[in-house]
Every structure is written in C-alpha cells, then in structure tokens.
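Descriptive structure summary
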Amino acid sequence: MRGIVWFRRDLRLDDQPAFAAACEECDEVIPLFVFDEPLLQSHGFGAACVNFMLGCLEELQSSLAELGLAMQWRRGFQVDEVLRAALEWEADVVYWNRDYEPRALMRDQAMQNRLAREGIATKTYKDHVVFEAEEVRGATGEPLQRYSAYRARWWARWHAIKPTVHAVRHPSMITRKAVRLSSVPLPTANELGYEHLVPWITPGERCAHEQLRWFVEGPIHRYADGRNRPASEGSSKLSPHLRFGTLSSKIAVHAALESLSHTGPVSRTDVLTWIDELIWREFFQQVLAAFPHVVDGPFRNTSVPPSRDPGPERDRLFRAWCDGNTGYPIVDAGMRQLNQTGWMHNRVRMIVASFLIKDLRIDWQSGEQYFMRHLLDADLAANNGNWQWCASTGTDSMPGYRIFNPALQSRKFDPDGVYIRQYVPELVSVSSRRIHEPHLMTPEEQEQAHCRIGINYPSPVVDHQLARQEYLNLGQQEATR
Ligand SMILES: Cc1cc2nc3c(=O)[nH]c(=O)nc-3n(C[C@H](O)[C@H](O)[C@H](O)COP(=O)(O)OP(=O)(O)OC[C@H]3O[C@@H](n4cnc5c(N)ncnc54)[C@H](O)[C@@H]3O)c2cc1C
C-alpha cells in the first residue's frame, strides 16, 4: 500500500500521529507539503510567519531525508494539488492531522470527497491539541463557555486517559518505505512573495525540543511571576512551535509534569500555572470549533461602547498604535517588538490590546488582523479568543470597566524600563522615574535625557484618564439603552 502524508501545521516527526500511522500501515510513504496559494496571495499572515514556516519545512525535509524519504512540495489550491499528487503517484491513502479552523474544516471535507470519488482512502488524526472539542464537554454534552469549567474537565480527562505519545518506527524500517522520487529544494520567501527575514525564534523541531528542555529545567519553576515581566526570560517562547506543530502539545504537558521530579528547586504551583496556559490554548480551539461565529463577530452580544467612527482621526490613531508612536512607552515598546521580531510578550499584548480598544476606541477586529499579519505564532483560535477577552466580548471576558492603565502596568512589570529601553531607543537615557510617563519630564529633564517630547518622542496621542472616562460613560449609555 502506498500512502501520502500531507503535512500541514504539524511540521515534525516526533509524536506525529499521521506520519506514525502511515509508516506503520504502508509499504511506501511519500511526505507532501502544499503551499496554499490563496493564503499566500491574501497576505493574511506576514513575512515573519512565512519565514518561520520555511525554516521548519527545511528542517523537516532534511530529517525526512535522513530517514531516506524525499519530501515533496507543491504550490496552488491545496485540494487540487493533493488530489493531483495522489493520482500521479497512484496513492491508496492520504494521511493527515486534523485542523479545527472553519476554513480548514471545509477544505478537508472537500478533500475527503474528491479523494473518495477517485477511490482513494483518507485517514485523519487528532494532533494539534491533547483533547478535541467533543472530548471535553459539560455534563450534558454541551460545549463549555467558561475556562474554569473547561480546565476542571480537561484535567479529569487527562487523569482518566493518561495520553501517551506516538512512537515513530525504527528508522531502518522507514527507509525501506521510500519511493523513488527526488526531493526538490524548497522555494525561498522571496519566491513566495514575501520579504526574507531571519526568524527571531529559531524554527524547527530540534530547536523546539531544546527550548522546551531549557524551559522545564529552570524558568518553569518561577513562571507565575516571571511570565509577567517582559524584560526577563520568564515564559517559554514555544508559541510559534506549537502553532506550526514543531512541538506536540502532549509532549509539552508531559515534560512540564516530569519536571516536578527534577533535582533542584521545583514548584508545583508554577508548573501547573504553565500547563493552565496550554489548556487556555485548547480552550480557545474548542471555542472556535463549537462557536465558529466568533470569526466574524463577538462571542456574546454584551453592551460595549461603540468604536470610533471611520475617518482621518481614527486612521491617525490606528497608525500611531501600529507604528509604536502613541507616546505611551510600554505600548510603543510592545508594538515595536512585534514589528521588529514577530513576537510580543503576553502581558504587553494585553496592554496594547486594551489601549487600542478602550483608550483609542478602535474596533478589536483591526487589532486582531494586525496581529495575524505580524505574529510568528499567529493562530486564529488563540488570537481571536484573546482579542475578544480584551474587548470584553469573549468567553471569560475582562470586565468592561477594567481598563489597563499603561503607566501603572509598566511601573509594575517593567519598573526600571529595561524592556522599554530595548525597543524605544529614544528613551534610553530617561530616568527610571520618568520612563513610564516621559511627557511629564520638565524641559531640563528632557535636555538631560536627550529626548524632547513632541520632537524625539511623541506626546501621548490621547490622555489616558480622559479616554478612560469617556469609554466608561459610553459604556453606561450603551447599557441603559
Ligand atoms: C491580544 C492577544 C493576542 C494573542 N494572539 C495569540 C496568537 O495569535 N497565537 C498564540 O499562540 N497566542 C496568542 N496570544 C496568547 C499569548 O500571548 C501567547 O501564546 C504567548 O505570549 C506566547 O508566549 P510563550 O510561548 O512564551 O507562552 P507561555 O507563557 O510559555 O505559554 C505556553 C503556551 O501556552 C499557550 N498560551 C499561553 N498564553 C495563552 C493565551 N492567553 N491564550 C492561548 N494560548 C496561550 C501558547 O501556546 C504558549 O506557547 C495572544 C494574547 C493576546 C493578549
């Protein structure tokens, strides 16, 4: 039997169920990746993401070559390309791991139908999450809308099932399954229509495992506090690996739990706090699967203040936010980190999102789209879920009256302005006392810091206290309508 393994957001060999199954069941195995032309054309994802994906694919291609398998790639409409490949190579079965985004679900259904018409079988597997939406449900089988309830059931299921990882067959067994096809070098980012960038986080399965090892040997045991400090190495930076599947989420959970038996200082609370974040990731995946309307609008229709009307003022404020020129240093540092590296610290993501929605009163969907185009870890479920949380329209939403004060957040989590100075060089010589609100510097202080407000660094685009009050007033009006 000849099988194709269609790689998608699972760019690894370890604990890779579709690959493991094909190696187990088929006499011949062909690995395939298809660059989705409409997605490339849409530029819905940015250069950071595309370069990271290419790096992952390069490593995957060479890991497969070490096993004697030549990875093939195509470019075009995915369904057409996979079908064409399956017919050309006379495949009996196509294997893939499931994806839960509404667009992917439609594509996969179409793929199954087209292959079935040609008499080609399909086999699909759970991979992107530890538990799929139907596996973690409420008492009457309903999808869960609160994280705390979901988390409790997720753990109950984990203890009941004790998920194991998928072993890969011995390399010599796989080598015998090679088909006489030569592998073609992958296209470059430029050839795909994107700028070439060196990814800020090293792509590929090997690096994902090294990063996981580094994290569970140290930072995980200080995570509850460390994760909030943007200047420190307090979080795992595994999100792009989990997004592209260079790391299996099941392996991540096992590694975290095993770290509790390490010698040296361990902290159960911190480890469980980190696993909570992986569960948030799965929670948002199940929200997307069960409530696909979130893609086009709010999860729930709560009364939130209307966003600013379209026009030059809205555009000016949005541009200032995108470029990191709002005059609020923590917001500007975050946006510049995103623009330069394709990544942003979680605490800062929450601050910039709150600022966009509540201080600038710009619709959350504009922020969501901007993040999708710039993040290395751009993921529909996590991005949408978090933006809705910040907009107070989501599942366990931030209360509408809660509005982050950027200066207070920055004083609390970046007290000496180490993170700010890294991304906002204009403020490098500003004192730690003034760095959170540099517009409060006297003319002498500005002179000393070589930073003239309004010239070297912008004055605040809005006054936070006034903007906050306006948002709350509008919220009250909306609620009494
Ligand atoms: C407005 C906004 C947009 C976001 N967009 C994305 C996105 O597109 N893709 C994405 O992966 N995360 C997104 N997040 C969640 C979070 O910011 C990142 O997952 C996290 O910063 C990644 O860093 P890390 O790998 O060091 O995380 P860690 O703190 O080490 O957490 C481990 C893993 O858990 C998952 N995770 C952590 N926090 C969250 C969360 N709040 N929601 C869902 N999963 C989480 C990630 O997969 C992460 O890699 C967003 C958060 C906000 C506030």
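Fair warning: this is a prediction, and the values are worked out from it, not measured in the lab.

Evaluated as defined, the whole model comprises 29 aromatic pairs. An angle of 85° between the planes, with centres 5.2 Å apart, marks the rings of F291 and F299 as edge-to-face. Among the residues examined, F291 registers a relative accessible area of 14% and is labelled buried. In this structure, K237 is placed above the aromatic ring of W343, and the distance from its NZ or CZ to the ring centre is 5.2 Å. Positioned above the aromatic ring of W343, the side-chain terminus of R349 is 5.7 Å from the ring centre.

Across all of its chains, the model carries 31 salt bridges by this definition. Note that D276 and R151 form a salt bridge whose closest N and O atoms lie 2.5 Å from each other. Taken together, the positions of D276 in helix α12 (residues 268–290) and R151 in helix α6 (residues 147–161) put the pair 125 residues apart, joining distant regions of the chain. Its salt-bridge partner being R316, residue E313 comes within 3.1 Å of it at the nearest N-O pair.

The buried fraction of helix α17 (residues 380–390) amounts to nine of the 11 residues, a majority that puts the element mostly inside the structure. Listing the buried residues of α17 in full gives L380, A381, N383, N384, G385, W387, Q388, W389 and C390. Among the residues trailing α17, S392 stands out with phi positive, at a value near 60°.

Right, let's talk about the domain arrangement of the protein chain for a bit. One frequently used descriptor of interface size is the decrease in accessible area upon assembly of the parts. In terms of domains, the protein chain is made up of domain 1 (2–127), domain 2 (129–165 + 205–290) and domain 3 (312–479). Using only C-alpha atoms to locate each centre, domain 1 and domain 2 end up separated by 26 Å. On the domain 2 side, the residues contacting the 21 residues of domain 1 number 24 residues. Both faces considered, domain 1 and domain 2 share a buried interface measuring about 2000 Å² in area, 50% of it formed by carbon and sulfur atoms. Looking only at domain 1, the three residues that lose the most surface to domain 2 are R9, D15 and Y100, adding up to 30% of its buried area. For the pair domain 1 and domain 2, the number of links is three salt bridges. Between K250 and D15 there is a salt bridge; the shortest N-O distance is 3.4 Å. At seven residues, the largest contribution of residues to the side of domain 1 that touches domain 2 is made by helix α3 (residues 47–66). Within the side of domain 1 that touches domain 2, the residues separate by chemical class into nine nonpolar, one polar and 11 charged.

Residues F19, W154, W274 and W321 are the most contacted members of the largest nonpolar core, which totals 127 residues. Ranked by residues supplied to this core, first place goes to α3 with 11 residues.

Moving on: the side chain of H345. Considering the arrangement of structural elements, one finds H345 in the loop between α14 (329–341) and α15 (346–359). Residue class for H345 comes out buried when judged on its relative accessible area of 3%. Within the local environment of H345, its side chain forms a polar contact with the backbone nitrogen of R347, the two atoms lying 3.1 Å apart. Non-local contacts of H345, meaning those with residues more than four positions away in its chain, are made with R227, N228, R229, P230 and Q337.

All right, on to the packing of helix α4 (residues 78–88) against helix α5 (residues 102–117) then. The N-to-C vectors of α4 and α5 enclose an angle of 30°; their axes lie 10 Å apart at closest approach. If you check the angle between α4 and α5, you find them roughly parallel. Note on packing geometry: the crossing formed by α4 with α5 is right-handed. Taking contact as the criterion, the partners of Q78, V79, D80, V82, L83 and A86 in α4 are, on α5, R107, A110, M111, R114 and L115. Looking at the contact of α4 with α5 residue by residue, the classes come out as seven nonpolar, one polar and three charged.

The five strands are arranged β3-β2-β1-β4-β5 in an open sheet whose pairing can be described as parallel. Each edge of the open sheet carries a strand with a single partner, namely β3 (72–76) and β5 (121–125). Here the average twist between neighbouring strands, direction ignored, is 25°. As paired elements, strand β4 (residues 93–97) and β5 share five bridges and run parallel to each other. By the bridge assignment for β5, W96 is matched with T124. Taken strand by strand, helix α1 (residues 17–25) contacts β1 (2–7), β2 (28–36), β4 and β5, and its axis lies near 150° from that of β4. Lying on the sheet, α3 is in contact with β1 and β2; it crosses β2 at an angle near 165°.

Definitions and limits used
- Residues numbered from 1 in each chain as written.
- Predicted model: local features only at pLDDT ≥ 70, side-chain atom pairs only at ≥ 80, totals over all residues.
- Heavy atoms only, no water.
- Phe/Tyr/Trp six-rings, centres within 6.5 Å; stacked < 30°, edge-to-face > 60°.
- Buried < 20%, exposed > 50% of the residue type's maximum accessible area, 1.4 Å probe, protein only.
- Lys NZ or Arg CZ within 6 Å of the ring centre and 35° of its normal.
- Salt bridge = Lys/Arg side-chain N within 4 Å of Asp/Glu carboxyl O.
- Helix = DSSP H or I, 4+ residues; strand = E, 2+ residues; numbered from the N terminus.
- Domains from an automatic or database assignment.
- Contact = heavy atoms within 4.5 Å.
- Buried area = accessible area lost by both parts, 1.4 Å probe.
- Nonpolar A, V, L, I, M, F, W, Y, C, P; charged D, E, K, R; others polar.
- Core = buried A, V, L, I, M, F, W, Y, C linked by side-chain atoms within 4.5 Å.
- Polar contact = N/O pair within 3.5 Å; in protein donor to acceptor, adjacent residues only side chain to side chain.
- Axes fitted to C-alpha atoms, helices over the stretch in contact; angles between N-to-C directions.
- Parallel < 35°, antiparallel > 145°, perpendicular 65-115°, else oblique.
- Left-handed = near helix turned anticlockwise from the far one by under 90°.
- Pairing = 2+ DSSP bridges.

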